[in-house]
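Examining the three-dimensional arrangement
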Amino acid sequence: MRFTKEEKSWMMYDWSNSAYAIVIVTAILPIYFKAVATGAGVSAANSTAYWGYANSFSTLIVALLAPVLGAIADYRPYKQMLFRRFTALGIIATALLPFVPERWWSLLLAIFVISNIGYSGANIFYDGFLTDVTEADRMDRVSANGFALGYLGGVIPFIVVMVLELTNGFGFMGQTAIVRFSFFLSAIWWIVFALPMWRNVRQTYYLDPVDHPVRASWHRVRVTTGRIIRNRPVALFLLSYFLYIDGVDTIFTMATPIGVDLGLGSSMLMVVLLLVQVIAVPFSILYGRLAQRFGTKPILLMALGFYAFITLYAFFLHDQIGFWFLAVLIGMNQGGIQAVSRSHYARLIPKQEASEYFGFYNIFGQFSAIFGPLLVGAITQLTGRSTIGASSLFIFFLIGFIIFLFVPQQSAASRKE
């Protein structure tokens, strides 16, 4: 399967923001934040909880904005403009992280919230461009290869940071300097590799411009809400997605603090997270091929079963070897479940209103990501064990699995329309 220039450029954006995803969201910043907060007198359990609360707050902001922004983006030429502005917000905030003084953990957390709003907001419009760059029968492969490129793109800057960590910056950089360099590298990586998307991807399906796009968008949001409620496949999928993606995103954002609580050092955590990135590349591609052959429903049900097992396994997690095994399971399934979910949904929606519908897709994803970290943070504080907090996510996967059983399976013909 040969990809077009537009498809390649779209997939490269996953590559471009992947450094942010692993360095800022998953690996380096969470460890650094816990060290800074602990140095300021915050307990380990509370610092883990605060990290979860910060993720919840930033996703709440994006969730509240997603539907109307998505509706506005369907009018030409707002999709490209909004995508660029949210991307710029995320990049600028990320570039500010290296300048936060040590021990100022609250300011560090505040700037992270702003950067995460830019990152998550830009993804609303990025997802919406999927219908512009490819056809229905290619969506599984394009979406999955985008995630695969994202994980692969995250490996390279991550290895650079790992080498600096393991060599003490070749004798020229201290640990704090290495951490700050990793933040700066994430911002540069993001902006450089986002350029093909900015240059080559255009809004193919759109609504004609109107005099008052904000007012018109609010009206469309109300109308579309009613249409979604009456559309059984879309409504059931979004309800299931709301639940299971909560668990997926929470495991992703809370894995590093849990590893720290289990006693893993920063260097070992980086190796584990690198392993996750490497494993995710071929398995994301595999998920796309399986979905193209067998349909998205059985593949998503399989992934939900894997994640339910992961959360149950977390309850019994008590050593570092177990954390390694947990990381492998996450790497095998994370990119695949996200990619196939995106392509499954893209087939269900009208192309000319893709941004608005993906606004709802993201609001369900963003709102779900509020409750997961809150639940893990609260259970962790109550029990003093982050592994018990992680195991509480089982309920999201179980209910999501049950609801998804009732989502109609698409026929081969419908998948090629």
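This text goes with the structure placed above it.
Think of each chain on its own: its residues are numbered from 1, step by step along the sequence as written. Selection of residues for local features in this predicted model requires a pLDDT of at least 70, selection of side-chain atom pairs for listing and counting requires 80 or more, and totals for whole chains, interfaces and linings are taken over all residues. Side-chain figures throughout are based on the complete set of non-hydrogen atoms in the structure, without hydrogens or water.

**Structural notes on the side chain of Asn-145**
In this description a helix means any DSSP run of H or I spanning at least four residues, a strand means any run of E spanning at least two, and both kinds are numbered starting from the N terminus. Among the structural elements, Asn-145 can be located in helix H8 (residues 139–166). Non-local contacts of Asn-145, meaning those with residues more than four positions away in its chain, are made with Phe-3, Met-11 and Ile-285. Contacts are residue-level and defined by heavy atoms, with any inter-residue pair within 4.5 Å sufficient.

**A short note on the packing of aromatic side chains**
Any aromatic ring pair is given by two values, namely how distant the centres are and how the planes are angled relative to each other. Stacked, edge-to-face and tilted are the three classes for Phe, Tyr and Trp ring pairs, Trp counted by its six-membered ring, which pair at centre distances within 6.5 Å; planes under 30 degrees apart are stacked, over 60 edge-to-face, the rest tilted. Within the structure shown, the criterion is met by 29 aromatic pairs. On the numbers, 4.4 Å between centres and 25 degrees between planes, the contact of Trp-51 with Phe-112 is stacked. In this pair, Trp-51 is assigned in helix H4 (residues 44–73) and Phe-112 in helix H6 (residues 105–128), connecting sequence segments 61 residues apart. Accessibility classification places Trp-51 together with Phe-112 in one group, the buried group. On the basis of an interplanar angle of 75 degrees and a centroid distance of 5.2 Å, the ring pair of Phe-358 and Tyr-361 is categorised as edge-to-face. Here Phe-358 and its partner Tyr-361 are both found in helix H15 (residues 354–383), three residues apart, which amounts to about one turn of the helix. The same class applies to Phe-358 and to Tyr-361, which are both buried. Taken together, the ring pairs connect Phe-237, Tyr-241, Tyr-244, Tyr-345, Phe-358, Tyr-361 and Phe-404 into an aromatic cluster. For Lys-79, the ring lying beneath its charged end belongs to Phe-129, and the centroid distance is 4.7 Å. Burial classes: relative accessible area under 20% of the type maximum marks a residue as buried, over 50% as exposed, and values in between as partly exposed (1.4 Å probe, protein chains only). We count a charge as sitting over a ring when the NZ of a lysine or the CZ of an arginine lies within 6 Å of the ring centre and within 35 degrees of the ring normal.

**Some remarks on unusual backbone geometry**
We note that Arg-103 has phi near 75 degrees; this positive angle belongs to a residue other than glycine. Mapping Arg-103 onto the fold places it in the loop between helix H5 (78–96) and H6. For Arg-103, a relative accessible area of 53% puts it in the exposed group.

**Observations regarding the environment of Leu-89**
By the secondary structure assignment, Leu-89 is in helix H5. A relative accessible area of 34% places Leu-89 in the partly exposed class. In this structure Leu-89 touches Ile-114, Ile-117 and Gly-118, once residues within four positions along its chain are discounted.

**Here's the deal with a nonpolar patch on the surface**
A cluster of nonpolar side chains, contributed by Ile-395, Leu-398, Ile-399, Ile-402, Leu-405 and Phe-406, occupies part of the molecular surface with about 510 Å² of accessible area. Counting through the fold element by element, Ile-402 comes out in helix H17 (residues 394–404). Residue Ile-402 is classed as partly exposed on the basis of its relative accessible area, which comes to 43%. A residue counts toward a patch only above 30% relative accessible area and without a salt bridge, and it is joined to like-charged neighbours within 9 Å or, for Val, Leu, Ile, Met, Phe, Trp and Tyr, to nonpolar neighbours within 5 Å. Only the protein chains shown count as cover for residues, and all accessible areas are computed by the Shrake-Rupley method using a 1.4 Å probe. Salt bridge, as used here, is a side-chain nitrogen of Lys or Arg placed within 4 Å of a carboxyl oxygen of Asp or Glu.

**A closer look at helix H2 (residues 18–26)**
Most of H2 sits out of view: nine of its nine residues are buried. Where H2 is concerned, the buried positions are Ser-18, Ala-19, Tyr-20, Ala-21, Ile-22, Val-23, Ile-24, Val-25 and Thr-26.

**So, helix H10 (residues 213–230)**
How far a helix is expected to stretch is found by multiplying one less than its residue total by 1.5 Å. An ideal rise of 1.5 Å per residue puts 26 Å on 18 residues; H10 measures up with 25 Å between its terminal C-alpha atoms. Regarding H10, the residues found buried are Pro-213, Ser-217, Arg-220, Val-221, Thr-224, Gly-226 and Ile-228.

**Considering the packing of helix H1 (residues 5–16) against H6**
With axes taken as lines fitted to C-alpha atoms, and helix axes fitted only over the stretch in contact, angles between N-to-C directions fall between 0 and 180 degrees. Contact geometry of H1 with H6 gives a least axis separation of 11 Å together with a crossing angle of 160 degrees. Classed by the angle they form, the pair H1 and H6 counts as roughly antiparallel. Between H1 and H6 lies a crossing of left-handed hand. Contacts between H1 and H6 involve Trp-10, Met-11, Tyr-13 and Asp-14 from the former and Ala-122, Asn-123 and Tyr-126 from the latter. Class assignment for the residues of the contact of H1 with H6 results in five nonpolar, one polar and one charged. The cut-offs work like this: below 35 degrees is roughly parallel, past 145 is roughly antiparallel, 65 to 115 is roughly perpendicular, and the gaps in between are oblique. Each crossing is labelled by how the near helix is turned from the far one, with a counterclockwise turn of less than a right angle marking it left-handed and a clockwise turn marking it right-handed. Residues are sorted three ways: Asp, Glu, Lys and Arg are charged, Ala, Val, Leu, Ile, Met, Phe, Trp, Tyr, Cys and Pro are nonpolar, and all the rest, Gly among them, are polar.

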